[in-house]
Structure formats: structure tokens, C-alpha cells
Amino acid sequence: MEHSVQLGTQRYHDSICKSLRELSKRECLPLQIIEQQHGKRWLIQCKFLATSLAGTDNEEMVQKIQRYYLANALAETILLHWEKEHVRGILKKNRYLIDDNGQEILNSALEYLNKGLGQDRAYRINRKTKLVTQILSCLNQSLIFDLEGFLSFRAQEYKHDVSKAVEFAIEEYIVEKEYLEFIQLLKHFVDTQTPQLERLHVGMTSKGEFHLYDEDGEDITRDYLEDYQLDNLHELGYEDLLVSSLIAVAPRQITLHIRYNGYKDTLQTIRRVFGNRVRDCGGCSLCKDF
């Protein structure tokens, strides 16, 4: 039983043939690859000489399985090679590659594409599944498949996912850049302030309520909240209020008695602003209160 599919490509001949040979070896597929070049264009004939699915009499089912393997190889080529070029093109179009920062955004976008947006670690697998499904749809209609034509006219859903990841990377980069600029501003302000206390101890409850203590262990929280409207505390947020209070006090040393992982962002901000003024308590009587 022979089954043949013809692939056309101008730019991805080497990658496609490499993927097909690896596929043939890995899956023990009796696949013959015949390559022909016409100018800048390559025609790759994939000829399945016989089925590796012994005992299967359903010829149509065998051909569907073979086309599925082929679609996987083509999808992998797109993910490994075309995708990076496409992301670079989007960034160039939006003028994000005109300086060194562009490479940073490019790397971020590719990381999101490979590892997933947020906590969605199956993002790359889902994207590949969509590609395989779309390629199979084309192969079921015709045994002639043009890779560049597919990417230009048929892969709209997949390209939308890629564009979404690029937009996410750009937004994250802009937010991070603004955050770091803001941190530098706060750091400069703290460095030029005259410290109101030598040492300040900070504790925070599981609800996010913080308490400030001087070096004698006296609770001085309310002494530094007079400038804030406590009625608007929930709108401002305890964590933002804590950072603002620490900046106002500008102590020479801050000891943190905080045990909850939910405050990672706040703790990172404090450490970035105050640098080596910050230390973590290894455990004391004050820590037990929190």
C-alpha cells in the first residue's frame, strides 16, 4: 500500500526534511523522501511505501495516521523556525527592535510562547495541537500542501495566538520598565532622606495588616499613619501603605518579621528600594505574634 503527499516550500526545505527523517526513524515509518528544487522553491514528495501498522486492513485509517505524523512534523517546523521570524516581524513593524530593548522583548515573547502565558504551561502544546488540526484539514482536502501558503491564508487562529503572546510580552516589558524607573526614584528619595529611626521592625498578619515597632519593641504604627485617611485604607491597600510608611521613616535598618508567601511583590519592592538596609529575622518573640 503506497500513499504519497507532496509538500511545497521556499524557505523551510532543510527543516522539513530533517523533521521528516527524524520522524521516520523515531516511528519506524517506511517513508521515502524525494526532493526537487525549482528555482528558489522546493517540492518534497513524501512517499509512504508500506504500512507499519501490521494487521490493519483499513487503508483509509492507515493513511489518516500517516498524515497525522506528517502534520506533526510540519507543525514542529513552524514552531521552531517560522514562529521566531514572525515574532521578530511583528516587533519590527511596531518599531520595538530599533534598540537593545527589542531583543529583550523578543526573548520575552518567545519565552511566553514556549512556556505559556501566566500559569498555562500547556500553551505550546495547545498551540501545536491547533496547528496539527489545521494542517490535517488541508491534507484531507488535498495531498498537495504548500507551507508558506498555509501560513499566509489558513493559519489565522494560530497566528492570532502568537500575536497575543507578543502583545502580552510588550505590555509586561512596559510595566516592568515603568516599575523599575519608579523604584529608582523611590531609592533616590530614600537615600537623600535623613533617617527618622535607626532601626525599624516590620510585622504583617495573614490578612495583610502591618505593624511597625521601634528598637525598644514599642508599637509605633499609628505614629506614621496620621497623614493617611484610615477610612480609605481598603482602597489604598495595606501593602502600598506599608511601603509608603517605610519611605517616610527611611530607617537605617529594617528587620522584616514576615512569614507569608503572599507578600512576595511587596517584599521585593522593599528590598529594591532599601537595598542592604533590609534584613530578615530568623525567628524571635515578635515573629510569634505574626
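Data block above holds the structure.
Residues numbered from 1 in each chain as written. Predicted model: local features only at pLDDT ≥ 70, side-chain atom pairs only at ≥ 80, totals over all residues. Heavy atoms only, no water.

Details of a negative patch on the surface
Alright, step 1. Residues Asp216, Glu218, Asp219 and Asp223 make up a contiguous surface patch of negative charge.
Alright, step 2. Mapping Asp223 onto the fold places it in the loop between strand 6 (210-213) and helix 7 (233-236).
Alright, step 3. With a relative accessible area of 49%, Asp223 lands in the partly exposed category. (Patch = residues over 30% accessible without salt bridge, like charges linked within 9 Å, V, L, I, M, F, W, Y side chains within 5 Å. Areas by Shrake-Rupley, 256 points an atom, 1.4 Å probe, with all protein chains shown as cover. Salt bridge = Lys/Arg side-chain N within 4 Å of Asp/Glu carboxyl O. Lys, Arg positive; Asp, Glu negative; His and termini not counted. Charge placed at Lys NZ, Arg CZ, Asp CG, Glu CD. Helix = DSSP H or I, 4+ residues; strand = E, 2+ residues; numbered from the N terminus. Buried < 20%, exposed > 50% of the residue type's maximum accessible area, 1.4 Å probe, protein only.)

What to know about the sheet that holds strand 1 (residues 3-9)
Alright, step 1. Taken in spatial order, the 4 strands line up as 2-3-1-4 in an open sheet, and their pairing is mixed. In the strand order of this sheet, the two ends are held by strand 2 (31-38) and strand 4 (144-146), each with one partner. Strand after strand, the sheet turns through a mean of 20 degrees between neighbouring axes, direction not considered.
Alright, step 2. Across the sheet, helix 1 (residues 13-27) touches strand 1, strand 2 and strand 3 (41-48), and the angle it forms with strand 2 is around 170 degrees.
Alright, step 3. Running at roughly 20 degrees to strand 1, helix 2 (residues 59-93) makes contact with strand 1, strand 3 and strand 4 of the sheet. (Pairing = 2+ DSSP bridges. Axes fitted to C-alpha atoms, helices over the stretch in contact; angles between N-to-C directions. Contact = heavy atoms within 4.5 Å.)

Focus: the packing of helix 4 (residues 123-141) against helix 6 (residues 156-192)
Alright, step 1. Close contact between helix 4 and helix 6 brings their axes to 9 Å; oriented N to C, the two are set at 155 degrees. Relative to helix 6, the element helix 4 is oriented roughly antiparallel. Together, Tyr123, Arg127, Lys130, Leu131 and Gln134 of helix 4 and Glu157, Tyr158, Asp161, Val162 and Ala165 of helix 6 make up the contact between the two elements.
Alright, step 2. Residues belonging to the contact of helix 4 with helix 6 are distributed by class as follows: 5 nonpolar, 1 polar and 4 charged. (Parallel < 35°, antiparallel > 145°, perpendicular 65-115°, else oblique. Nonpolar A, V, L, I, M, F, W, Y, C, P; charged D, E, K, R; others polar.)

Looking at the packing of helix 6 against helix 9 (residues 264-274)
Alright, step 1. Remark: helix 6 packs on helix 9, axes separated minimally by 8 Å, with the N-to-C direction vectors making an angle of 50 degrees. Here helix 9 runs oblique to helix 6, going by the angle between their axes. Handedness of the helix 6/helix 9 crossing: right-handed. Contact residues: helix 6 offers Glu176, Tyr179, Leu180, Ile183, Leu186, Lys187 and Val190, while helix 9 offers Gln268, Thr269, Arg272, Val273 and Phe274.
Alright, step 2. By residue class, the composition of the contact of helix 6 with helix 9 is 7 nonpolar, 2 polar and 3 charged. (Left-handed = near helix turned anticlockwise from the far one by under 90°.)

Regarding the pairing of strand 2
Alright, step 1. Of the pairings in the sheet, the one linking strand 2 to strand 3 comprises 8 bridges and is antiparallel in character. Looking at the pairing, Glu35 lines up with Ile44 of strand 3.
Alright, step 2. Hairpin connection from strand 2 to strand 3: 2 residues lie between these consecutive antiparallel strands, with Gly39 at a positive phi of about 65 degrees.

Section: the nonpolar core
Alright, step 1. Counting 49 residues, the largest nonpolar core has Leu7, Leu20, Ile78, Val87, Ile135, Phe145 and Phe150 as its most contacted members.
Alright, step 2. In terms of residue count, the dominant contributor to this core is helix 2 (11 residues).
Alright, step 3. The residues contacting Leu7, other than those within four sequence positions of it, are Ile16, Leu20, Trp42, Leu43, Ile44, Cys46, Leu70, Leu74 and Phe145. (Core = buried A, V, L, I, M, F, W, Y, C linked by side-chain atoms within 4.5 Å.)

Points about the packing of aromatic side chains
Alright, step 1. By the definition in use, this model includes 4 aromatic pairs.
Alright, step 2. Ring centres of Tyr112 and Phe168 lie 4.9 Å apart, and the angle between their planes is 85 degrees; this geometry places the pair in the edge-to-face category. Placement of the pair is Tyr112 in helix 3 (residues 100-115) and Phe168 in helix 6, with a sequence separation of 56 residues.
Alright, step 3. Overall, the relative accessible area of 17% leaves Tyr112 in the buried class.
Alright, step 4. Centre to centre, the rings of Phe145 and Phe150 are 5.3 Å apart; their planes meet at 45 degrees, and the pair counts as tilted. For the pair Phe145 and Phe150, one class covers both residues: buried. (Phe/Tyr/Trp six-rings, centres within 6.5 Å; stacked < 30°, edge-to-face > 60°.)

Digging into the pattern of salt bridges
Alright, step 1. Tallied over the entire structure, the rule returns 16 salt bridges.
Alright, step 2. In this structure, Arg41 and Asp146 form a salt bridge, with 2.5 Å as the shortest nitrogen-oxygen distance. Here the residue Arg41 occupies a position in strand 3, and Asp146 occupies one in strand 4, the gap between them amounting to 105 residues.
Alright, step 3. Judged by relative accessible area, which is 34%, Arg41 ranks as partly exposed.
Alright, step 4. The exposure class assigned to Asp146 is partly exposed, which follows from its relative accessible area of 26%.
Alright, step 5. Put simply, Glu76, Arg124 and Lys128 are held in one network by salt bridges that share partners.

Points about the pairing of strand 1
Alright, step 1. Counting buried residues along strand 1, 5 of its 7 residues qualify, which places the element largely inside the surrounding structure.
Alright, step 2. Bridge analysis of strand 1 against strand 4 gives 3 bridges, and the strand direction is parallel. What sits directly across from Gly8, in strand 4, is Asp146.

Shape descriptors only; they carry no functional weight alone.
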